[in-house]
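Chain by chain, the residues:
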Amino acid sequence: MRPFVYERAADAAGALEMHQDGALYLGGGTNLVDLMRLGVEEPTRLVDVSRLPFGEIEVLGDGTLVIGAAVSNSDLAADRTVRETHPLLAQAILTGASGQIRNRATVGGNLLQRTRCSYFQDTSKPCNKRDPGTGCPAREGEHHNLAILGHSPACVATHPSDMAVALAALDASVRVQGREGERTVPFEEFHRLPGNEPERDSNLRDGDLVTAVEVPPLPMPSRYRKVRERASFAFALVSVAAAIRTVGATVPDGEGGVVRDVRLALGGVAHKPWRCRRAEDVLRGAPATEETFMRAAEAELEAAAPLRDNGYKVPLARNLIVRTLMELREVAS
Ligand SMILES: Cc1cc2nc3c(=O)[nH]c(=O)nc-3n(C[C@H](O)[C@H](O)[C@H](O)COP(=O)(O)OP(=O)(O)OC[C@H]3O[C@@H](n4cnc5c(N)ncnc54)[C@H](O)[C@@H]3O)c2cc1C
Ligand code: SF4
């Protein structure tokens, strides 16, 4: 590991000042330190932001949650209000990593954790994300767990976070402290698709510090479901974050009602959490039936461009959307 300077910031302004050329912020270190050991990240300086005064979860008068960037994943998932008002967020976090890792991992670090593409983590291999211009061996190589939507010739990586998929469905926004002041970034604009610059995972600027995530109230039942290769300690092959509200009677066979409101996002399918706007458009105002759910999922996945070995993700995502909406429908009216 290359030698580096370690500093701990007392406040956001101090953190920004310490963030000089070649520096990286340090949250819980559960991703960054691993990547430093592998030689993938080589910061000259680590600015520890895990003890900044962003360790609280605040509930505003209208029910909006303001979650500090230094809140641990465990504390967020265990928070009684979060579990009651935004259950899919707690569920998503609890499907990720392990208890020990969630105890260390922070909200800011979880959002900005890097892809698990095996070539990215292997410095003996080329990789456009790690070393721009060297190529993307995953495209013709090992890609069974990589993207089916929104990828580019330069990169087919997926974003690994479960929490971020829930936040995408929840219409969250991210508070950022930058050199030009504070701003709030809508969640859909926070992460990015790879395009020609796969080295950039997010739209953050150099030195930008994530200070909090805002999550508006969610007046409907919600659920997070994740399909993975083993029952724990594994990243999503495909996951779905869903919330739905229906109106009208539900007849005994379970059919009936009309979709009044819906939120849908997929994980494990793209370089960023994938908000399913096309599916939502099909669903809003339509009968809450299995046929509608299927049509919505297919509308979303029409844009899928699977690679040689990950075509299985298309029916997997479709079925996961349909099953999850069917389950939610039972409690959604
Ligand atoms: C074995 C294992 C299994 C895992 N399984 C899963 C899983 O199934 N699902 C899942 O979602 N995750 C999983 N994870 C990943 C884990 O959730 C992340 O490692 C963790 O959330 C990262 O948080 P951290 O605070 O430790 O970030 P760090 O490692 O400290 O930082 C990660 C990145 O964020 C940047 N950063 C940190 N804080 C800020 C800030 N406030 N502002 C700006 N930049 C910041 C850092 O510079 C770095 O680039 C797994 C990890 C391991 C090791
Ligand atoms: S998919 Fe992206 S991260 Fe993986 S090898 Fe290609 S460029 Fe690198």
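As a starting point, this report considers the structure included with it. No experiment lies behind these values; they were computed from the predicted model shown.

1. Some words on helix α10 (residues 290-301)
Inference 1: Between its first and last C-alpha, α10 extends 16 Å over 12 residues, near the 16 Å set by a 1.5 Å rise per residue.
Inference 2: Taken residue by residue, α10 has Thr 292, Phe 293, Ala 296, Ala 297, Ala 299, Glu 300 and Leu 301 as its buried positions.
Inference 3: Check the buried side of α10 and you find it contacts β10 (238-247), β11 (258-267), β12 (274-275), α9 (277-283) and α11 (313-329).

2. Notes on the nonpolar core
Inference 1: Counting residues in each nonpolar core, the largest one holds 38 residues, and the members touching the most others are Leu 76, Leu 89, Leu 111 and Leu 167.
Inference 2: Of all the elements in the fold, those that place two or more residues in this core are β5 (65-68), α3 (73-78), α5 (87-94), α7 (107-111), α8 (163-169), β6 (173-178), β8 (209-215) and β10.
Inference 3: Setting aside chain neighbours within four positions, we find Leu 76 in contact with Ile 57, Ile 67, Val 71, Val 82, Leu 89, Ile 93, Val 107 and Met 163.
Inference 4: Ranked by size, the runner-up nonpolar core spans 31 residues in total, among them Ala 279, Leu 301, Ala 304 and Met 326.

3. Brief notes about unusual backbone geometry
Inference 1: Of note in the backbone geometry, Asp 171 takes a positive phi value of approximately 55 degrees without being a glycine.
Inference 2: Inspection of the secondary structure puts Asp 171 in the loop between α8 and β6.

4. Quick word on the packing of aromatic side chains
Inference 1: Inspection of every chain in the model, using the stated rule, returns one aromatic pair.
Inference 2: A centroid spacing of 6.3 Å and a plane angle of 15 degrees characterise the contact between Phe 187 and Phe 190, whose relative ring orientation is stacked.
Inference 3: For Phe 187, a relative accessible area of 5% corresponds to the buried category.

5. Observations regarding the site of ligand 1
Inference 1: As a matter of local geometry, ligand 1 sits amid 32 residues, with Tyr 25, Gly 28, Thr 30, Thr 106 and Asp 162 nearest to it.
Inference 2: Ala 97 is positioned such that a nitrogen or oxygen atom in its backbone is 3.1 Å from a nitrogen atom of ligand 1.
Inference 3: Interatomic distance of 3.5 Å between a backbone N/O atom of Pro 160 and an oxygen atom of ligand 1.
Inference 4: Counting residues per element, the ones that place at least two in the shell around ligand 1 are β2 (23-26), α2 (32-37), α7 and β8.
Inference 5: Considering every element that reaches the shell around ligand 1, the biggest residue donor is α7, with three residues.
Inference 6: Partitioning the shell around ligand 1 into residue classes produces 14 nonpolar, 13 polar and five charged.

6. Details of the pairing of β2
Inference 1: Pairing geometry for β2 and strand β3 (residues 45-48), over four bridges, is parallel. By the bridge assignment for β3, Leu 24 is matched with Leu 46.
Inference 2: Since β2 and β3 lie parallel, the crossover through α2 that links them has a hand, and here it is right-handed.

Procedures and definitions
- Here, residues in each chain are numbered from 1, in the same order as that chain's written sequence.
- Labels follow written order: the first chain is A, the first ligand is 1, and so on.
- The model is predicted, so local features are restricted to residues of pLDDT at least 70 and side-chain atom pairs to those at 80 or more, both for listing and for counting; the totals for chains, interfaces and linings are taken over all residues.
- Side-chain measures were taken over the full set of non-hydrogen atoms in the model, leaving aside hydrogen atoms and water.
- Helix and strand assignments come from DSSP, with helices taken as H or I runs of at least 4 residues and strands as E runs of at least 2, each series counted from the N terminus.
- Take the residue count of a helix, subtract one, and multiply by 1.5 Å to get its expected span.
- Think of it in three bands: with a 1.4 Å probe and only protein chains considered, a residue is buried below 20% of the maximum accessible area for its type, exposed above 50%, and partly exposed in between.
- We call two residues contacting when some pair of their heavy atoms lies within 4.5 Å.
- Among buried residues, the Ala, Val, Leu, Ile, Met, Phe, Trp, Tyr and Cys ones that are joined through side-chain atoms within 4.5 Å form a nonpolar core.
- Pairing of aromatic rings covers Phe, Tyr and the six-membered ring of Trp, with a centre-to-centre limit of 6.5 Å; geometry is then stacked below 30 degrees between planes, edge-to-face above 60, and tilted otherwise.
- The near set for a molecule or strand comprises every residue that places at least one heavy atom within 4 Å of it.
- N or O atoms within 3.5 Å of each other form a polar contact, as long as, within protein, one can give a hydrogen and the other can take it, and as long as residues adjacent in sequence are counted only when both atoms are side-chain atoms.
- Asp, Glu, Lys and Arg are counted as charged, while Ala, Val, Leu, Ile, Met, Phe, Trp, Tyr, Cys and Pro are counted as nonpolar; the rest, among them Gly, fall into the polar class.
- Here, any two strands with at least 2 DSSP bridges between them count as paired.
- Note on handedness: a crossover is taken as right-handed if, strands pointing away from the viewer, the path from the first strand over the helix to the second is clockwise.

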